[in-house]
Amino acid sequence: MFDRLKARLSLRKISEPSYENKISKPKEEEREEWDRPMEFVLSLIGCSIGLGNVWRYPYMAFKNGGGAFVIPYFCVYFLIGTPLFFLEMSLGQFTSSGSAAAFKMSRMFKGLGWATAINSFLVSIYYNIIIAWCLFYFFASFRRKLQWSDCGNWWNTEQTLLFSNSTVFCNNIHNRTNCTKPIFPPEEYFDNYVLRRSDSLDNIGSPSWSLSLCLLLAWILVGLCIIQGIKSSGKVVYFTALFPYVVIFALIIRGVTLPGAQAGITFYLKPNWNKIREFDVWIAAANQVTFSLSVAFGPLLGYASFNKFNANYLRDCIFVTACDCFTSVFAGFAIFSILGYMSFKTGLPIEQVAKGGPGLAFIAYPQALSIMPGGPFWAVIFFFMLLTLGLDSQFAFADVIISGLLDTFKQLRRHKVFVTISYCIVCFFLALPICAPGGIYLFTLMNEYASNLSVFACAFIEFILIAYIYGFNNFMEDIRMMLGKRPLEPVWFFTWCISGPIMTIIIFFSSVIRFRTPTEGNYEYPAYANALGWLMVCSSLIFIPSIMIYELIKAWKITNSSHYPVIDNMPHYLRMLVYASKPDIEWGPAKIENRYGRYESKTDQSTSQYQSDIKHGNNNSAFELDNTFHLEL
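Residues numbered from 1 in each chain as written. Predicted model: local features only at pLDDT ≥ 70, side-chain atom pairs only at ≥ 80, totals over all residues. Heavy atoms only, no water.

> Help me out: how do you make sense of the overall build of the chain in this one?
Within the chain one finds 27 helices and four strands. In the chain, 82% of the contacts between residues at least 6 apart in sequence involve partners at least 24 apart. Entry remark: accessible area of the chain is about 27,600 Å², with carbon and sulfur atoms responsible for 63%. (Helix = DSSP H or I, 4+ residues; strand = E, 2+ residues; numbered from the N terminus. Contact = heavy atoms within 4.5 Å. Areas by Shrake-Rupley, 256 points an atom, 1.4 Å probe, with all protein chains shown as cover.)

Printed below as a string of structure tokens:
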């Protein structure tokens, strides 16, 4: 019996893996990939084509030269937008990592990934408030008569404009002829009913229950659509990315049949050639392109990282950027044809009824819809279109942070559902103050500070990092590994090495020099509010110098070691800079089967072994492996 028991124990010992093997080979969740290439393309379209194409570009075009604005817009698209779009897609697909973990081609600049991720995080907080407003108006549109179509409500004042037989007068029964500051009914509906607007940021108040519920529903919709990552959001975009085109086309067909539409379209397209000489017009074009394409925010890196290593993303890049540019111009016809009709009915000039941003979506356009035949029907599909446009962009912004956490802390991948739910809950509570009566002032503050200066700073550093620190030729070789060729090399050389860095740094410093503190209507922000805005700018950019200093200190210790090879009697500070500027040991394709050519030597020794050598002071093998890779680069 004893011999039989001993044999069983021996067999069990052989058949079971040792404890050491279990520790040395932890099982990690594999990273997702797109089920179909079409899901990737539609997700890119949904990410790039958002609210800015519909409510921002048309207003910006007529304000900055009409049809002439197309010239600076296309120039910025070619010199900054499309090159940065392709650069970020290349980086994401090559590393199979989100923005937070992708910038490892230089140790000093690993913080750039988190800087772009924080840009997305800040935008994600206030962007969902817009979706909450869209939900509020969407539900309010299911009425026979739109609530903002008349003035007989408790939220209206004596300054409200009334329309009767193309005559405009004020809702003041005592003195209708002396109205010094007329207001449209939808403006009072938005301010006094939806927002319950207070007079200042100091009087912020408590969150409105109706807006809070809409915000909660907005985050529930986002959470449900991204709960399984691209496996769920990739299916949703089949509808959310294509439906807006159906609505825009329907609005154009309806708009051009209305009286006054021709005048509105003419006003939209009429060129003012003197405008393109103004520097502010080019700044406006750059702001529109970067925000519309979502470059330097991180979503493009994240979506491309789920691609197969050899996917033809160049074709997707050209197609999506062309769609984004076309949609911006195309949507202007839907907007200005109906604004022209509104001008015809009210007798007011188009420049007085046209607004941009939330003013267009929640004031000017609802006013036009309220006086159209079948207004409630068109209001329902218009706000549902805005809802789908906003959700697509919000999927992308949320994915930046979630994938960044999962790529940085790989042990969290098995708890992805918990991470997603936690992210949505945190963002909901952070955005809750914007639902208060003074929340519109927080919204404007975040919109002005969180997505402008820091984005151009990140874009400039991306160009410099790829073109000069890592090296244009090295990056093109990485692209050859994926595509089998170095496509459009002269174009990328000119835009990545010359035009891109020059234009982004000029725009950044000119924006800083010409910066004016934002205002919300007639309200001027106090000093503490502007200080809070600058903290939002610094909250993303601070990652770049902080991690750079950390890596330089670490490089100083390593290069000062007796094991570190001294080449040509190079001074210590230069050795430190060279080491810190070189790629991290984890740089390269994520999958072993894609590591070939100059990355092949890195597969001979695992990353964990390299880190273990450094940790325990065994620098010889680590330096040998590290320097072999650096010499190949």
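Don't stop here, the text continues.
> Is there a simple way to think about the packing of helix H17 (residues 358–370) against helix H18 (residues 375–408) in this case?
Helices that pack against each other are described as a pair by the angle of their axes relative to one another and the distance between those axes. With their axes 9 Å apart at the nearest point, H17 and H18 run at an angle of 150 degrees to one another. Classified by the angle between their axes, H17 and H18 sit roughly antiparallel to one another. Judged by the sense of rotation from one axis to the other, the crossing of H17 with H18 is right-handed. Of H18, the residues touching H17 (which contributes Ala361, Phe362, Tyr365, Pro366 and Leu369) are Gly375, Trp378, Ala379, Phe382, Phe383 and Leu386. (Axes fitted to C-alpha atoms, helices over the stretch in contact; angles between N-to-C directions. Parallel < 35°, antiparallel > 145°, perpendicular 65-115°, else oblique. Left-handed = near helix turned anticlockwise from the far one by under 90°.)

> Please clarify how the state of the cysteines should be interpreted in this entry.
Between two cysteines, a covalent bond joining their sulfur atoms is known as a disulfide. Per the stated rule, a full pass over the model turns up zero disulfides. Among the cysteines around cysteine 214, which has no disulfide bond, cysteine 435 carries the closest sulfur, lying 8.5 Å off. (Disulfide = S-S within 2.5 Å.)

> Looking at this model, I keep getting lost on the packing of helix H23 (residues 527–541) against helix H24 (residues 543–559). Mind explaining?
Relative orientation of the contacting elements H23 and H24 amounts to 35 degrees, with a least axis distance of 5 Å. When H23 is examined against H24, the residues Ser539, Ser540 and Leu541 are found in contact with a partner set consisting of Phe543, Ile544 and Pro545. Its residues assigned to classes, the contact of H23 with H24 comprises four nonpolar, two polar and no charged. (Nonpolar A, V, L, I, M, F, W, Y, C, P; charged D, E, K, R; others polar.)

> Which parts of the structure should I look at to understand helix H20 (residues 439–449)?
Helical periodicity: at 3.6 residues per turn, an α-helix aligns residues three or four positions apart in one direction. Buried residues dominate H20, accounting for nine of its eleven residues. Every buried residue of H20 is listed here: Gly439, Ile440, Tyr441, Leu442, Phe443, Thr444, Leu445, Met446 and Tyr449. (Buried < 20%, exposed > 50% of the residue type's maximum accessible area, 1.4 Å probe, protein only.)

> Where do I start with helix H8 (residues 185–194) in this structure?
Most of H8 sits out of view: eight of its ten residues are buried. Taken residue by residue, H8 has Pro185, Pro186, Glu188, Tyr189, Phe190, Asp191, Tyr193 and Val194 as its buried positions. Looking one or two residues beyond H8, the residue adopting positive phi is arginine 196, at roughly 55 degrees.

> Help me understand the UniProt feature "binding site: Na(+)" (unreviewed entry) in the chain in this model?
When the UniProt feature table is mapped onto this chain numbering, "binding site: Na(+)" (unreviewed entry) sits at Gly46, Asn53, Ser292, Leu389, Asp392 and Ser393. These annotated residues cover 348 residues of sequence, and their C-alpha atoms all fall within 13.0 Å of one another, placing them together at a single site. Tracing the backbone through its elements, the reader meets serine 292 in helix H13 (residues 279–293). Residue contacts for serine 292: discarding those within four places in its chain leaves Cys47, Ser48, Ile49, Asn53 and Asp324. Among residues more than four places away in sequence, those in contact with serine 393 are Gly46, Cys47, Gly50 and Tyr127. (UniProt positions renumbered as here; feature names shortened; annotations may be inferred.)

> Please explain the side chain of serine 370 as it appears in this structure.
With respect to the helices and strands, the residue serine 370 is situated in helix H17. In this structure the side chain of serine 370 is engaged in a polar contact, spanning 2.6 Å, whose partner is the backbone oxygen of glutamine 367. Here serine 370 is in contact with Leu146, Trp148 and Ser149, once residues within four sequence places are set aside. (Polar contact = N/O pair within 3.5 Å; in protein donor to acceptor, adjacent residues only side chain to side chain.)

> Quick question: what am I supposed to make of the nonpolar core here?
It is characteristic of soluble globular proteins that their nonpolar side chains tend to be buried jointly. Core analysis: the largest hydrophobic core is formed by 204 residues, its most contacted members being Phe362, Leu386 and Trp496. Counting residues per element, this core draws most heavily on helix H7 (residues 111–140), which supplies 21 residues. Ignoring sequence-local partners within four residues, the contact set of leucine 386 consists of Leu51, Val54, Cys134 and Ala361. (Core = buried A, V, L, I, M, F, W, Y, C linked by side-chain atoms within 4.5 Å.)

> Sorry if this is basic, but what is going on with unusual backbone geometry here?
Where the residue is not glycine, phi is negative for most of them; where a peptide bond is considered, it is trans in most cases. Notably, serine 96 is not glycine yet its phi reads approximately 50 degrees, a positive angle. Relative to the assigned elements, serine 96 resides in the loop between helix H5 (70–95) and helix H6 (99–102). Of the residues examined, serine 96 reaches a relative accessible area of 16% and is grouped as buried. At alanine 296, a position not held by glycine, the phi torsion is positive, near 65 degrees. Structurally, alanine 296 can be placed in the loop between H13 and helix H14 (299–304). On the basis of relative accessible area, alanine 296 is assigned to the buried category, the value being 0%.

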